[in-house]
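Chain by chain, the residues run as shown.
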Amino acid sequence: MTVTDIRSLFDLPRDHAYLNCAYMGPMPRAAAEAGKAAYDRRMRPWEAGIQDPFFDQPEALRAEAAPLFGAAADDIALIPAASYGLAMAAQNLALEPGQDILTLAGQFPSNVYIWREKAARSGARIKTVRRSANQNWTEAVLGAIGPQTAIAALPETHWADGGRLDLAVISDRLRAQGGRLVLDLTQSLGTSRFDLSSIRPDFAVAAGYKWLLGPYTLGYAYIAPEQQGGRPLEEGWIVREGAEDFARLVDYAEHYQAGARRFDMGERSGFQLVPAALESLKWLNAFGPEALAAALLERTQALEEAVRALGVICDTPDRAAHYLCLALPSGAPGGMAQQLARHGVSVSQRGERLRVTPHLYTDEADIARFANAMKAALA
Ligand SMILES: Cc1ncc(COP(=O)(O)O)c(C=O)c1O
């Protein structure tokens, strides 16, 4: 499929370069259409039946989310937000006074506040890993893991500098010390292969509205089989055995449905959201992680190259293939993201860096527009 073909699957105007997938992925037309059709069906509830919207659609979505994690459908829970999945992890992992929870400096708050709260309740400490300018995040994390590390709550890609973490190496070191691994994959899942068998997280979560190109308020959690006997945040009716029989719901069931389903959020059947998310994930899975990773690397390299002569470079050691965070030259004006927006270019500013995050629809014209807008903004 050519980039032109891919672009036509999205509603992307020719006079705008959307380079902000890390902020919010645009939904493919097919996903938006599925969502609209789902709203139409909500006008006639008597036509929809029970089995398909309540059970079959969410099962189809679970099955489509599973390969992104390299997991089985049974290991996936449907959640509204990364913070929800991280709260579920925090609730289920043991923590003793004096032990450490590792997080990164500048980590996204959904993967920080819950651990602060847990640390305060348990008499444990948050250990914030910092990296020096030439150090990559993997080296910095390896240097911080010790016998006192109970939990490492990490991303795979740092959301503000684009640095990559070699999670397989980190996991080996952590497990040798008896630590548990919790991952927020919101800024990486769906952009490359997630090597589950090497990384072996206890919990891994991702919001679905960025790189997964789905609707807001629907995300995914992988729960390792050994954690699947844990306590969900809610005690919803639909995750109990026998929930399919609506006439007998008050024959209260003792057991949960199999696998990770007990961790599904309340109203996980999300009639309007699930059909849309399903289309987005099908589209991503049809490409496959290797093709996606190669295409995204090509895009970020081209974007990086296009502004190098302006003195704008990525100074993050070991940056993620899909994620470009650019350090601006000294003397660059403030409000660069707003300036670029005036030239029809969407990017984000996070801290001192300009975050430029393309997807498969990004073409040469977008890259040229970005380079021209940067030149104008820095002139
Ligand atoms: C790394 C990361 N995690 C999570 C989120 C979203 O968190 P939540 O789903 O809890 O709103 C974002 C949004 O920018 C993010 O960058």
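As a convention, each chain's residues are numbered from 1 in the sequence order in which they are written. With the structure being a predicted model, the display of local features is reserved for residues of pLDDT at least 70 and the display and counting of side-chain atom pairs for 80 or more, all residues being used for whole-chain, interface and lining totals. The basis for every side-chain value is the complete set of non-hydrogen atoms in the structure, without hydrogens or water.

Peer 1: I'm lost on unusual backbone geometry in this one. Help?
Peer 2: Comment: phi is negative for the bulk of residues other than glycine, and the bulk of peptide bonds are trans. Phi at Glu267 takes a positive value of approximately 55 degrees, unusual for a residue other than glycine. Strands are runs of DSSP state E lasting at least 2 residues, helices are runs of H or I lasting at least 4, and numbering of each runs from the N terminus. Assignment of secondary structure puts Glu267 in the loop between strand 8 (219-223) and helix 10 (274-287). One non-glycine residue with positive phi stands out, namely Asp318, at about 55 degrees. Looking at where Asp318 falls in the secondary structure, it is placed in the loop between helix 11 (289-308) and strand 9 (324-327). Classification of Asp318 by relative accessible area gives partly exposed; the value is 31%. Each residue is assigned to one of three classes by its accessible area relative to the maximum for its type, calculated with a 1.4 Å probe on protein chains only: buried under 20%, partly exposed between the two thresholds, exposed over 50%.

Peer 1: Would you mind going over the pairing of strand 12 (residues 353-356) with me for this structure?
Peer 2: Along strand 12, one buried face is formed by Arg353 and Arg355 and the opposite face, lined by Leu354 and Val356, is buried too. Inspection of the sheet shows strand 9 paired to strand 12 by 4 bridges, in the antiparallel sense. Residue Leu324 lies in a different strand from strand 12, and its bridge partner there is Val356. Note: strand 11 (residues 348-350) against strand 12, 3 bridges, orientation antiparallel. At least two DSSP bridges between two strands are required for those strands to pair.

Peer 1: Quick question: what am I supposed to make of the sheet that holds strand 9 here?
Peer 2: Sheet strands line up and pair through hydrogen bonds in the backbone, either parallel or antiparallel. Pairing is antiparallel in the open sheet, where 3 strands are placed in the order 9-12-11. Both outer strands of the open sheet, strand 9 and strand 11, are each paired with one neighbouring strand and no more. Across the sheet, the mean angle from the axis of one strand to that of its neighbour is 35 degrees, orientation sign disregarded. Lines are fitted to the C-alpha atoms to define the axes, a helix being fitted only along its stretch in contact, and any angle between axes, read from their N-to-C directions, falls within 0 to 180 degrees.

Peer 1: Hey, could you run me through a nonpolar patch on the surface in this one?
Peer 2: Only residues above 30% relative accessible area that lack a salt bridge enter a patch, with like-charged residues linked at up to 9 Å and the nonpolar side chains Val, Leu, Ile, Met, Phe, Trp and Tyr linked at up to 5 Å. In these tables, accessible area is a Shrake-Rupley quantity obtained with a 1.4 Å probe, and a residue counts as shielded only by the protein chains included in the view. For this analysis, a salt bridge means a side-chain nitrogen from Lys or Arg found within 4 Å of a carboxyl oxygen belonging to Asp or Glu. A cluster of nonpolar side chains, Trp237, Leu249, Val250 and Tyr252, forms an exposed patch at the surface whose accessible area comes to about 470 Å². Within the secondary structure, Leu249 sits in the loop between strand 8 and helix 10.

Peer 1: What is the right way to read the sheet that holds strand 5 (residues 149-155) from this model?
Peer 2: Pairing in this open sheet of 7 strands is mixed, and the strands run 2-8-7-6-5-3-4 from one edge to the other. Each edge of the open sheet is held by one strand with a lone partner, namely strand 2 (76-79) and strand 4 (125-129). Pairwise comparison of adjacent strand axes, ignoring direction, gives a mean angle of 20 degrees for this sheet. Bridge count for strand 3 (residues 100-104) against strand 4 is 5 bridges, and the pairing is parallel. Each residue of the ladder has a partner; that of Ile101, found in strand 4, is Ile126. In what follows, a contact means two residues having at least one pair of non-hydrogen atoms within 4.5 Å. Of the strands in this sheet, strand 2, strand 7 (203-207) and strand 8 touch helix 4 (residues 51-69), which is tilted by about 115 degrees from strand 2.

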